[in-house]
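Structure assessment
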Amino acid sequence: MTAMEVHGNFIDGQWTSGATARENINPSDIADVVGLYAQGGTEDVATAVAAAGRALPGWSESTPQLRFDVLDATGSELLARKVEIGRLLAREEGKTLPESVAEVTRAGYIFKYFAGEALRTAGEHIASVRPGVTIDVLRRPLGVVGLITPWNFPIAIPAWKVAPALAFGNTVVLKPADLAPGCAWAMAEILSRTALPRGVFNLVMGPGRVVGQSMVTHPGIAGISFTGSVETGRSIAVDCARRMARVQLEMGGKNPLVVLDDADLDVAVTAALQGSFFATGQRCTASSRLIVTAGIHDRFIAAMTSRMQALKVDDALADGTEIGPVVDEAQLEKDLSYVEIGVSEGGVLAAGGRRLRRPKDGFYFAPALITGTTGRMRINREEIFGPVASVIRVKDYDEALAAANDTEFGLSAGICTTSLKYASHFKRHAQAGMVMVNLPTAGVDYHVPFGGRKGSSYGTREQGRYAIEFYTTVTTCYTQP
């Protein structure tokens, strides 16, 4: 058997193998090694930051056409290879193949969207209050940016950070999740064959405690954009504040889906199933709290459990699979432990909540629904990040709104109702950055702002035209001819 090739880091325009490598394991079949990926270290980060710093003056002054060409070409290749890279994503992360192909497609469109934004970057020309003086407000690149991305969207999130960073003239050091680096590496390989000058884009893989921490504290990085856990995000915020670096954080969620008595039952159940369990519930926007009013509660639970029993949980690449495995053994044990916690606190396990065995040894888990819960229980306070949803029974809309907002998080919130009055009120009063009406809480477009409130997000919004706020700085210029 020949030795498996190591997928190296990409630093200063060259591929480097690194001293050690990590196996990327398929959660659907733990005997399947997706590949070996280099483990970088502090010295690799330093070399990448130095290269990005050298490349910054040229790239920041490059033409919008060059930036458009690079991003558009990257987007086109991602779209052309969406099935191939989608299979890689399904193997390394566990999303079903249709979900994985859709994620690669989204990444392709993100690059194409920001290719257009590179051409649309504008300033302002403003009249002064002083006679004869003119004012120009210009947007300039922030500088060298460090991008730290999670495992649950291994190509979409790298894309929505890298594309705007490059579009607005920054240079980049990207650290993808150590658990699922394959898709980010594939994206980097595509970028390496574009017209990007040497050092503009750098990929350093490795553990967060080494590579990520080195990026966060490096004085040559002007800003950090991070998506991941609350604990790590808060630590990054402190480190960045200490050295006055810009920071953008997307962290946890404990997202509510409110179901009112007047809701269309099929619409509500579909929204709850998709929001809570699809993508194996491993989304920061997943519906983990289902807040249901008394008049529809019992019918909703009966319909949910019936639909859940019909879900096919299997290999992410198998035909007809609706729910793939969770990402690894640690996440599986976490899901199982929270089911035990919910039951021990007085909840009732209405469906699922157990490990499943399949012909291939993987991390399979039956999506869990826990009823009879209250807002004070741990399963309704702490992010689980798996296919575990709890039901909170409430009296009416006012109690439902209060329960929805009773959380330290505020990323996404949803409501199922046929009442325009309640839908309009919820959109104004739900304490979340994104509000869905008769839709799953998970599932967002790539051309509009993404982000939350309270403990879910910190800093400016990501995606869409709002991305420019993080990746640029403003200069106000006064001129008297």
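I will try to describe carefully the structure that is included in this document. Quick caveat, the model's predicted, so the values are computed rather than measured. (Residues numbered from 1 in each chain as written. Predicted model: local features only at pLDDT ≥ 70, side-chain atom pairs only at ≥ 80, totals over all residues. Heavy atoms only, no water.)

1. Digging into the overall build of the protein
Spelled out, the test is: Secondary structure elements follow DSSP: runs of H or I no shorter than four residues count as helices, runs of E no shorter than two count as strands, and numbering proceeds from the N terminus. Each radius of gyration is computed over the set of C-alpha atoms, and the globule rule expresses the reference value as 2.2 Å times the number of residues to the power 0.38. Any two residues whose heavy atoms approach within 4.5 Å at even a single point are treated as in contact. Each accessible area value is a Shrake-Rupley result obtained with a 1.4 Å probe; residue values ignore everything except the protein chains displayed when judging cover. In this tally Asp and Glu are treated as negative and Lys and Arg as positive; neither His nor the chain ends contributes. Every charge is mapped onto a representative atom, which is NZ of Lys, CZ of Arg, CG of Asp or CD of Glu.
Of regular secondary structure, the protein possesses 14 helices and 25 strands. What you see for the protein is a C-alpha radius of gyration of 23 Å, in line with the 23 Å of a compact globule of 481 residues. Residue pairs in contact within the protein that sit at least 24 positions apart in sequence constitute 73% of those at least 6 positions apart. Working note: accessible area of the protein is about 18900 Å², and carbon and sulfur atoms make up 54% of it. The centroid of the 47 positive side-chain charges in the protein is displaced by 4 Å from the centroid of its 50 negative side-chain charges.

2. Examining empty space enclosed by the protein
To keep things clear, this is the line we draw: Grid points spaced at 1 Å over the protein atoms alone were grouped into cavities, where a 1.4 Å probe fits but cannot get out, and pockets, open sets with protein on both sides within 12 Å along at least five of seven lines, with lining residues defined by an atom within 4 Å of a point. Grid points are joined across faces, edges and corners, and a volume is the space filled by probe spheres set on the points. Ten residue types, Ala, Val, Leu, Ile, Met, Phe, Trp, Tyr, Cys and Pro, are classed as nonpolar, four, Asp, Glu, Lys and Arg, as charged, and the remainder, Gly among them, as polar.
Going through the model one piece at a time under the given rule, you end up with 2 cavities of 30 Å³ or more. Together, 14 residues line the largest cavity, and Gly281, Ala286, Ser288, Phe385 and Gly386 are the ones closest to its centre. For the lining of the largest cavity, the residue count by class is 4 nonpolar, 7 polar and 3 charged. What the second largest cavity holds in volume is close to 60 Å³. Lining the second largest cavity are 14 residues, with Pro256, Ala404, Phe409, Gly410 and Gln431 sitting closest to its centre. For the lining of the second largest cavity, the secondary-structure elements that each account for two or more residues are β13 (255-259), α12 (397-405), β20 (409-410) and β21 (412-416). For the lining of the second largest cavity, a count of residues per class yields 6 nonpolar, 6 polar and 2 charged.

3. Digging into the pattern of salt bridges
To keep things clear, this is the line we draw: We define a salt bridge as a side-chain nitrogen of Lys or Arg found within 4 Å of a carboxyl oxygen belonging to Asp or Glu. Buried means the residue's accessible area, taken with a 1.4 Å probe over protein chains only, is under 20% of the maximum for its type, while exposed means over 50%, and partly exposed covers the values in between.
What the rule picks out here adds up to 23 salt bridges. Aspartate 178 is paired through a salt bridge with arginine 22; the nearest N and O atoms lie 3.4 Å apart. Residue aspartate 178 is located in the loop between β9 (171-175) and α6 (182-192), and its partner arginine 22 is located in strand β4 (residues 20-26); the two are separated by 156 residues in the primary sequence. The partly exposed category is assigned to arginine 22, whose relative accessible area is 30%. For lysine 95, the salt bridge goes to glutamate 103, with nearest N and O atoms at 3.0 Å. For glutamate 103, a relative accessible area of 4% corresponds to the buried category. Because the salt bridges share partners, they merge into one network encompassing Glu77, Arg81, Glu84, Glu189 and Arg193.

4. Digging into the sheet that holds β4
Which entries qualify depends on this criterion: Each pair of strands is called paired provided DSSP finds at least two bridges between the two strands. Whenever a helix is involved, its axis is fitted only over the stretch in contact; in every case the axis is a line through C-alpha atoms, and angles between N-to-C directions fall within 0 to 180 degrees.
Strand order in this open sheet of 3 strands is β1-β5-β4, and the pairing throughout is mixed. Both outer strands of the open sheet, β1 (6-7) and β4, are each paired with one neighbouring strand and no more. Pairing of β4 with strand β5 (residues 29-39) involves 7 bridges; the strand directions are antiparallel. In the strand pairing of β5, arginine 22 is matched with tyrosine 37. Each of β4 and β5 is contacted by helix α3 (residues 82-93), which is oriented at about 105 degrees to β5, the strand it contacts most.

5. Topic: helix α2 (residues 64-80)
Three or four residues apart is the spacing at which side chains of an α-helix point the same way, because the helix has 3.6 residues per turn. Inclusion rule: Helix span, as expected, comes to 1.5 Å for every residue beyond the first.
With 17 residues, α2 extends 24 Å between its outermost C-alpha atoms, agreeing within 8% with the 24 Å of an ideal straight helix rising 1.5 Å per residue. Within α2, burial applies to Arg67, Val70, Leu71, Thr74, Gly75, Glu77, Leu78 and Leu79. Its buried side turned inward, α2 meets α1 (42-60), α3, α4 (97-120), α5 (156-167) and α6.

6. Some thoughts on the nonpolar core
The nonpolar side chains of a soluble globular protein tend to be buried, and buried together. Put simply, the rule is: Here, the term nonpolar core denotes a set of buried Ala, Val, Leu, Ile, Met, Phe, Trp, Tyr and Cys residues that are joined through side-chain atoms within 4.5 Å.
Grouped together as the largest cluster of nonpolar side chains are 64 residues, with contacts concentrated most on Val162 and Phe201. In this structure, Val269, Ala272, Val313 and Cys416 belong to the second largest nonpolar core, which totals 27 residues.

7. So, the packing of α5 against α6
Selection rule: Any angle between 65 and 115 degrees counts as roughly perpendicular, while under 35 counts as roughly parallel, over 145 as roughly antiparallel, and the rest as oblique. Here a crossing is called left-handed whenever its near helix is offset anticlockwise from the far helix by less than a right angle, and right-handed whenever the offset is clockwise.
Relative orientation of the contacting elements α5 and α6 amounts to 30 degrees, with a least axis distance of 11 Å. With respect to α6, the element α5 is oriented roughly parallel. Taken as a pair, α5 and α6 cross one another with a handedness that is right-handed. The segment α5 lies against α6, with Pro158, Ala159, Val162 and Leu166 engaging Ala184, Met187 and Leu191. Partitioned by chemical class, the residues of the contact of α5 with α6 number 7 nonpolar, no polar and no charged.

8. Comments concerning the sheet that holds strand β25 (residues 472-479)
For sheets, the rule is that strands pair by backbone hydrogen bonds, running either parallel or antiparallel. Taken together, 3 strands build an open sheet; the order of strands is β6-β7-β25 and the sheet is antiparallel. Two strands bound the open sheet, and with one partner strand each, they are β6 (124-127) and β25. Taken pair by pair, the neighbouring strands of this sheet meet at an average axis angle of 25 degrees, ignoring direction. For strand β7 (residues 134-141) and β25, the ladder comprises 8 bridges, and the chain directions are antiparallel.

9. Examining unusual backbone geometry
One non-glycine residue, methionine 244, adopts positive backbone phi at about 60 degrees. Judged by its relative accessible area of 74%, methionine 244 is exposed. Not every positive phi belongs to a glycine, and phenylalanine 385 is a case in point at roughly 65 degrees. Along the polypeptide, phenylalanine 385 turns up in the loop between β18 (368-373) and β19 (388-394). Among the residues examined, phenylalanine 385 registers a relative accessible area of 17% and is labelled buried.

10. Section: the environment of valine 448
Tracing the sequence through the fold places valine 448 in the loop between β22 (434-437) and β23 (453-454). It is 7.7 Å that separates the C-alpha atoms of valine 448 and tyrosine 466, two residues lying 18 residues apart in sequence. Ignoring anything within four residues of it in the chain, the contact list for valine 448 reads Glu462, Gln463 and Gly464.

11. So, the pairing of β6
The sheet contact formed by β6 and β7 spans 4 bridges and is antiparallel. In the sheet register, histidine 125 faces β7, and the bridge partner there is aspartate 136. Taking the residues between adjacent antiparallel strands as the criterion, β6 and β7 are bridged by 6 residues, where glycine 132 takes a positive phi near 80 degrees.

12. Some details on the state of the cysteines
The following threshold applies: Two cysteine sulfur atoms form a disulfide, by the criterion used here, when they sit within 2.5 Å.
A full pass over the atoms with the stated rule returns 0 disulfides. Of the cysteine sulfurs around cysteine 183, a residue in no disulfide, the closest is that of cysteine 284, at 17 Å.

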